[in-house]
Amino acid sequence: MESQRQKKIGGLLQQDLAEILQRMAIDAGLKGIILSVSKVHVAPDLSNARVYVSIFPTKEAGPVLKGIQADKVAIRHELAQRTKNQLRRVPELHFYLDDSLDYIENIEKSLKDGEDPIENPDLLDRRKKS
């Protein structure tokens with residue numbers, strides 16, 4: 001259960017990270033790729049933050065996520081510059097791919113094809129716990 005403070009910091013980080021990542025994608029020349037930060041979970045001691053990133057199209061998600069993880073230090077520095085009046089320390093950032101939209105799409109596709117994943121759960125891929 002997240003505290004009110006964790007939720008506020010998560011919302012602040014989510015908004016700023018979305019702007020930073022979109023600007024970095026434009027600067028890197030990535031055309032036709034949509035980046036969004038879907039959720040930020042902040043640890044109770046505010047030292048770590050799990051950042052879930054949605055990348056569309058999904059076939060480009062792997063390389064783009066690796067690029068984000070490689071630029072983690074620069075992203076954290078830019079975030080520190082933006083939040084210097086709100087936070088003393090910027091949490092350590094850990095980026096993860098948010099695949100919830102793909103999961104929902106697979107469910108919808110299975111339902112349209114007449115297959116019932118409720119009766120036969122082996123039809124859907126299991127989500128990976130990270």
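Not measured: the values here are computed from a predicted model.

This part covers the overall build of the protein chain. Across its full length, the protein chain carries four helices and three strands. Helices and strands appear in the protein chain in the N-to-C order α-β-β-α-α-β-α. When its C-alpha atoms are laid out on the principal axes, the protein chain stretches across 55 × 40 × 20 Å. Every one of the 130 residues in the protein chain was classed for burial, and the buried ones make up 29%. Across the protein chain, contacts joining residues at least 24 apart in sequence account for 59% of those joining residues at least 6 apart. With an accessible surface of roughly 9,000 Å², the protein chain has 51% of that area assigned to carbon and sulfur atoms. The distance from the centre of the 21 positive side-chain charges to the centre of the 20 negative ones in the protein chain is 10 Å.

What follows deals with the side chain of Asp-98. Within the fold, Asp-98 resides in the loop between strand S3 (92-97) and helix H4 (100-112). Under the relative-accessibility criterion, Asp-98 is labelled buried at 19%. With near-sequence residues (within four places) excluded, Asp-98 lies in contact with Ser-38, Tyr-52, Val-53 and Ser-54.

Let's shift gears to the nonpolar core. Residues Leu-13, Leu-35 and Phe-95 are the most contacted members of the largest nonpolar core, which totals 26 residues. Those elements giving two or more residues to this core turn out to be helix H1 (4-27), strand S1 (34-42), strand S2 (48-56), helix H2 (61-70), helix H3 (72-82) and S3. Sorting elements by how many residues they give to this core places H1 first, with seven residues.

A word on H2. Residues of H2 that are buried include every one of Ala-61, Val-64, Leu-65 and Ile-68, and no others. The arc enclosing the buried residues of H2, seen along the axis, measures out at 100°, which places them on a common side. Of the residues in H2, the exposed ones pointing more than 90 degrees away from the buried face are Pro-63, Lys-66 and Ala-70. On its buried face, H2 sits against H1, S1, S2, H3 and S3.

With the rule as written, the count across this model stands at five salt bridges. A salt bridge links Glu-78 to Arg-82; its shortest N-O distance comes to 3.4 Å. Pair noted here: Glu-78 and Arg-82 are both in helix H3, with a separation of four residues, about one helical turn. Each of Glu-19, Arg-23, Asp-27, Glu-78 and Arg-82 takes part in one network of salt bridges that share partners.

This part covers the sheet that holds S3. Taken in spatial order, the three strands of this open sheet run S1-S2-S3, and their pairing is mixed. Looking at the sheet topology across the chains shown, the edges are occupied by S1 and S3. For this sheet the average axis-to-axis angle between neighbouring strands, irrespective of direction, equals 30°. By the bridge criterion, eight bridges tie S1 to S2 in an arrangement that is antiparallel.

Turning our attention to the confidence of the model for the protein chain. Averaged over all residues, the pLDDT of the protein chain equals 87, while 90% of them reach at least 70. Within the protein chain, H4 has the poorest average pLDDT of any element, 77, and S3 the best, 96.

Parameters and conventions
Residues numbered from 1 in each chain as written. Predicted model: local features only at pLDDT ≥ 70, side-chain atom pairs only at ≥ 80, totals over all residues. Heavy atoms only, no water. Helix = DSSP H or I, 4+ residues; strand = E, 2+ residues; numbered from the N terminus. Buried < 20%, exposed > 50% of the residue type's maximum accessible area, 1.4 Å probe, protein only. Contact = heavy atoms within 4.5 Å. Areas by Shrake-Rupley, 256 points an atom, 1.4 Å probe, with all protein chains shown as cover. Lys, Arg positive; Asp, Glu negative; His and termini not counted. Charge placed at Lys NZ, Arg CZ, Asp CG, Glu CD. Core = buried A, V, L, I, M, F, W, Y, C linked by side-chain atoms within 4.5 Å. Arc of directions from axis to C-beta. Salt bridge = Lys/Arg side-chain N within 4 Å of Asp/Glu carboxyl O. Pairing = 2+ DSSP bridges. Axes fitted to C-alpha atoms, helices over the stretch in contact; angles between N-to-C directions. pLDDT = per-residue confidence, 0-100.

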